Amino acid sequence: MKSIIFCSQVDLFIDNGGAYANRAQLDSFIELGYAITLIIPFTGAVIPEYYKNKVEIVYVPKRSGLEKLAGLFMGRIHRFSPFVEKWYKDNGKKKNRKYAFVYISGGIVAGDLAPFFQKEGLKVVTFHANVEYHYYLDNKDIATMWGMLPFWVRKKEQNALMHSYLNLTITDEDRLSLIQIYSLPISVNIVCWGCYEYRDKGKVEIADKANNGIFSILIMGTLKDPQTYLSILSIKSVLKYYIANNAMTQIIIAGRRPPKSLYDEFGNTKGFKIIDTPEDMGKIIASADLLLNPVKMGSGLKLRNMDALRYGLPCLVHTVSACGYEKMQQYGFFNVYSTNDELYRLIDEMKLCKDGYSRYDIATIYNSFFSFSAGVENLKCILANFAL
């Protein structure tokens, strides 16, 4: 049995989209029979029983406020370095443990760890969930130090790309962007793996929505993120005009921590409803007729589309949010817009044709491309192609 180190920038067992995407990666390696040492940040999240005998878990402790502040000036913008380097020297190298390769999910963390492991004679596979440099430019909030970190992010992302034996991306657009931004030589291995369901995530109950006469449009996501709420606000005139001219239509905006700007714009407007941090997003998705994803910034793959398609919900998305869903665009239940005029027209068209596909049909087609088994087979082929 081959052994690997799996290092994730996020705790795989917390409840958010990024964690689920990382868990799908871990599940894929477990399915392929690897013995795994999992290195994740400590958050206190409960480990599901399934994983307790599947992986050896190493927690990266939190840093003190002083360590974080000092780290900003030294370029240590995450907690993994120097902890992981010391752990490996004490537990891997000294004990002569053999690893087939090191898998790092997150370009920023890999920016420090990939050069280290490369010097130790280990191959590194880095998964880039998005173009980190673009993310930090698009999301200027406390988490990104209001745009002050892109200098370090760019440096580390480039380090990760240049020192990894293999780089994986979530969309082909990200692959091409990384090649262009960093002028990557042909010697850098970079391929698209994609994004897939984790082992149990795809198992949801599919049922057609009860017809109550109301056409319900759902906008969802992490509403506190600038790229989300600014994108919603950019189409406010279209949404308000549509509601004003279409009776028996409602727009639900649901997700984590909606900012004051959304409440100011839609909170007291007829036909709109804001749901702050819903306990069960599945129920909200199941009660909607259409997902509208207006996010027009950032990179990577927009997981909210997957959340909708898993339940068989038709989708209307901005061109930026369509990246990674090219195979879905051949079907009438997945439409893409780029202008406000297209948005208004396509809402109307999808409202008239909402019964063209059953929810079961949509979910079945979605699973044929994004299921856990599809992801495992894709990974198996990629590893074989690079002799890993």
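Residues numbered from 1 in each chain as written. Predicted model: local features only at pLDDT ≥ 70, side-chain atom pairs only at ≥ 80, totals over all residues. Heavy atoms only, no water.

### So, the side chain of H318
Reasoning step 1: Mapped onto the elements, H318 comes out in strand β12 (residues 315–318).
Reasoning step 2: Residue classification places H318 among the buried residues on the basis of a relative accessible area of 10%.
Reasoning step 3: Only 3.1 Å separates the side chain of H318 from the backbone nitrogen of V320, close enough to count as a polar contact.
Reasoning step 4: When near neighbours in sequence (up to four residues on either side) are disregarded, H318 contacts N293, P294, V295, K296, V336, Y337 and S338. (Helix = DSSP H or I, 4+ residues; strand = E, 2+ residues; numbered from the N terminus. Buried < 20%, exposed > 50% of the residue type's maximum accessible area, 1.4 Å probe, protein only. Polar contact = N/O pair within 3.5 Å; in protein donor to acceptor, adjacent residues only side chain to side chain. Contact = heavy atoms within 4.5 Å.)

### Quick look at the pattern of salt bridges
Reasoning step 1: On inspection of all chains with the given rule, the structure shows 13 salt bridges.
Reasoning step 2: Two residues, R97 and E56, come together in a salt bridge whose shortest N-O distance is 2.9 Å. Linking R97 in the loop between α4 (83–93) and β4 (101–105) with E56 in strand β3 (residues 55–60), this pair joins segments that are 41 residues apart in sequence.
Reasoning step 3: Residue classification places E56 among the partly exposed residues on the basis of a relative accessible area of 36%. (Salt bridge = Lys/Arg side-chain N within 4 Å of Asp/Glu carboxyl O.)

### Considering the sheet that holds strand β6 (residues 166–169)
The strands that make up a sheet are held in pairs by hydrogen bonds between backbone atoms, and each pair lies either parallel or antiparallel.
Reasoning step 1: Read from one edge of the open sheet, seven strands run β3-β2-β1-β4-β5-β6-β7, paired in parallel fashion. Pairing within the sheet leaves two strands with one partner each, and these edge strands are β3 and β7 (190–192). Shown here is a sheet whose adjacent strand axes are inclined to one another by a mean of 20 degrees, direction ignored.
Reasoning step 2: Relative to β3, strand β2 (residues 35–41) is paired through six bridges, and the arrangement is parallel. Bridge pairing in β3 places I36 opposite V55.
Reasoning step 3: Set on the sheet, helix α5 (residues 107–119) makes contact with β1 (3–8), β4 and β5 (124–128); between it and β5 the angle comes to about 170 degrees.
Reasoning step 4: Sheet strands touched by helix α7 (residues 150–163): β5, β6 and β7. Its angle to β5, the strand with the most contacts, is close to 135 degrees. (Pairing = 2+ DSSP bridges. Axes fitted to C-alpha atoms, helices over the stretch in contact; angles between N-to-C directions.)

### Details of the packing of aromatic side chains
Geometry of an aromatic ring pair is reported as the spacing of the ring centres plus the angle between the planes.
Reasoning step 1: Taken as a whole, this structure holds 23 aromatic pairs when the rule is applied.
Reasoning step 2: Seen from their ring centres, Y88 and F117 are 5.4 Å apart, and the 80 degrees between their planes marks the pair as edge-to-face. One end of the pair, Y88, is in helix α4; the other, F117, is in helix α5, with 29 residues separating them in the sequence. Take Y88 and F117: they sit in the same class, and that class is buried.
Reasoning step 3: In this structure an aromatic cluster arises from ring pairing among F6, F29, Y34, F101 and Y103.
Reasoning step 4: The ring of Y198 has R23 lying over it, and the distance from NZ or CZ to the ring centre is 4.7 Å.
Reasoning step 5: The residue whose ring lies beneath R199 is Y50, and the NZ or CZ to ring-centre distance is 3.4 Å. (Phe/Tyr/Trp six-rings, centres within 6.5 Å; stacked < 30°, edge-to-face > 60°. Lys NZ or Arg CZ within 6 Å of the ring centre and 35° of its normal.)

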